[in-house]
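Listed here are the chains, written in short residue letters.
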Amino acid sequence: MSEIEIKVVKPDGSTFSLRCNTQHMMRSVKRQIFSIEKIPFTEQKLYFKDKLLPDLRTIKELGIADGDIIKMLNESVGEDEEEEEDLQKEAVIPVPKNDEEKQAYMRKMIINDQKGVTMLMEQLANDLQASKDEAGDDDDEDEDEDEGEEEGVEAAKQTS
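Predicted, not measured: the structure shown is a model, and the values here were computed from it.

Peer 1: An account of the overall build of the protein chain is requested, with residue identities and associated values reported.
Peer 2: When helices and strands are counted, the protein chain shows 3 helices and 5 strands. Reading the protein chain from its N end, one meets helices and strands in the order β-β-α-β-β-β-α-α. Taking the intrachain contacts of the protein chain between residues at least 6 apart in sequence as the baseline, contacts between residues at least 24 apart amount to 57%. As presented, the protein chain carries roughly 11100 Å² of accessible surface, and 50% of it is formed by carbon and sulfur atoms.

So, in structure tokens, the structure goes:
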């Protein structure tokens, strides 16, 4: 996995840096921004090369590289309505416009996260079971070897 550092320009013009894994989705970047800046996910609008970044695409898929700059806008910042509509049309996924759409979008993100956690837990359970099975197979082989050695010793005693 490849880690990069990106700079985020806040609406007030100040900047901060984040270290991100290129395989992580943009929603992970939003989580990092929330933990640092306390701006709710639904209020963050992240742009790279004047394109609104979709939450469910990876940093690598979006072509973001080490040292790149992402611009962050939040809903409390006034913007030209026409420019906002143009950017929304260019977005890969629609940007929620009202509270109801935002809530639906967040529910969808939570469900996706839950599915991801469930898949991860299932994989871990399968890996654990496979490890136990392998350990059990090794124990069975050791027992078989021990039994074979004991039989050989008994046969040697009987012939002597």
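Peer 1: Any chance you could break down the pairing of strand β3 (residues 44-48) for me, citing the residues and the numbers?
Peer 2: Most of β3 is tucked away: 5 of the 5 residues are buried. Residues of β3 alternate between two faces, with Gln44, Leu46 and Phe48 on one and Lys45 and Tyr47 on the opposite face, all of them buried.

Peer 1: Go over the pattern of salt bridges, please, and point to the residues and values.
Peer 2: As enumerated under the stated definition, the model contains 5 salt bridges in all. Taking the shortest distance from any N to any O, the salt bridge between Glu5 and Arg19 comes out at 3.5 Å. Pair noted here: Glu5 is in strand β1 (residues 3-9) and Arg19 is in strand β2 (residues 15-21), with a separation of 14 residues, a long-range link. By relative accessible area, which is 44% here, Arg19 ends up partly exposed. The structure contains a network of salt bridges with shared partners spanning Glu3, Glu5 and Arg19.

Peer 1: So, the side chain of Asp55: which residues are in play, and what are the values?
Peer 2: Relative to the helices and strands, Asp55 is located in the loop between β4 (51-52) and β5 (69-74). Polar side-chain contacts of Asp55 include one of 2.9 Å to the side chain of Lys30.

Peer 1: An account of the nonpolar core is requested, with residue identities and associated values reported.
Peer 2: Counting 18 residues, the largest nonpolar core has Met26, Val29 and Ile64 as its most contacted members. Contributing elements (two or more residues each) for this core: β1, β2, α1 (26-37), β3 and β5. Not counting residues up to four positions away in its chain, the partners in contact with Val29 are Ile6, Leu18, Cys20, Leu46 and Ile59.

Peer 1: Please set out the packing of aromatic side chains residue by residue, giving values where relevant.
Peer 2: As enumerated under the stated definition, the model contains 1 aromatic pair in all. Measuring from centroid to centroid gives 5.6 Å for Phe34 and Phe41, while their planes differ by 80 degrees, and the two rings are edge-to-face. Given a relative accessible area of 35%, Phe34 falls into the partly exposed group. The exposure class of Phe41 is partly exposed, given its relative accessible area of 22%. Above the ring of Phe34, the side-chain terminus of Lys38 is found at 5.9 Å from the ring centroid.

Peer 1: Give me the lowdown on α1, citing residues and values where you can.
Peer 2: Counted at 1.5 Å a residue, the expected span for α1 with its 12 residues is 16 Å, and the 16 Å between its end C-alpha atoms agrees. Listing the buried residues of α1 in full gives Met26, Arg27, Val29, Lys30 and Ile33. Down the axis of α1, the sector holding all buried residues measures 150 degrees, keeping them to one side. In the stretch just after α1, Lys38 is the one whose phi turns positive, near 60 degrees.

Peer 1: Pulling in residues and values, what's your account of the environment of Thr15?
Peer 2: Along the chain, Thr15 falls in strand β2. According to the relative accessible area criterion, Thr15 is exposed, its value standing at 51%. For the pair Thr15 and Lys71, spaced 56 residues apart in sequence, the C-alpha to C-alpha distance is 9.2 Å. If near-sequence neighbours (up to four positions away) are discounted, Thr15 is found in contact with Val8 and Val9.

Parameters and conventions
- Residues numbered from 1 in each chain as written.
- Predicted model: local features only at pLDDT ≥ 70, side-chain atom pairs only at ≥ 80, totals over all residues.
- Heavy atoms only, no water.
- Helix = DSSP H or I, 4+ residues; strand = E, 2+ residues; numbered from the N terminus.
- Contact = heavy atoms within 4.5 Å.
- Areas by Shrake-Rupley, 256 points an atom, 1.4 Å probe, with all protein chains shown as cover.
- Buried < 20%, exposed > 50% of the residue type's maximum accessible area, 1.4 Å probe, protein only.
- Salt bridge = Lys/Arg side-chain N within 4 Å of Asp/Glu carboxyl O.
- Polar contact = N/O pair within 3.5 Å; in protein donor to acceptor, adjacent residues only side chain to side chain.
- Core = buried A, V, L, I, M, F, W, Y, C linked by side-chain atoms within 4.5 Å.
- Phe/Tyr/Trp six-rings, centres within 6.5 Å; stacked < 30°, edge-to-face > 60°.
- Lys NZ or Arg CZ within 6 Å of the ring centre and 35° of its normal.
- Expected span 1.5 Å × (residues − 1).
- Arc of directions from axis to C-beta.

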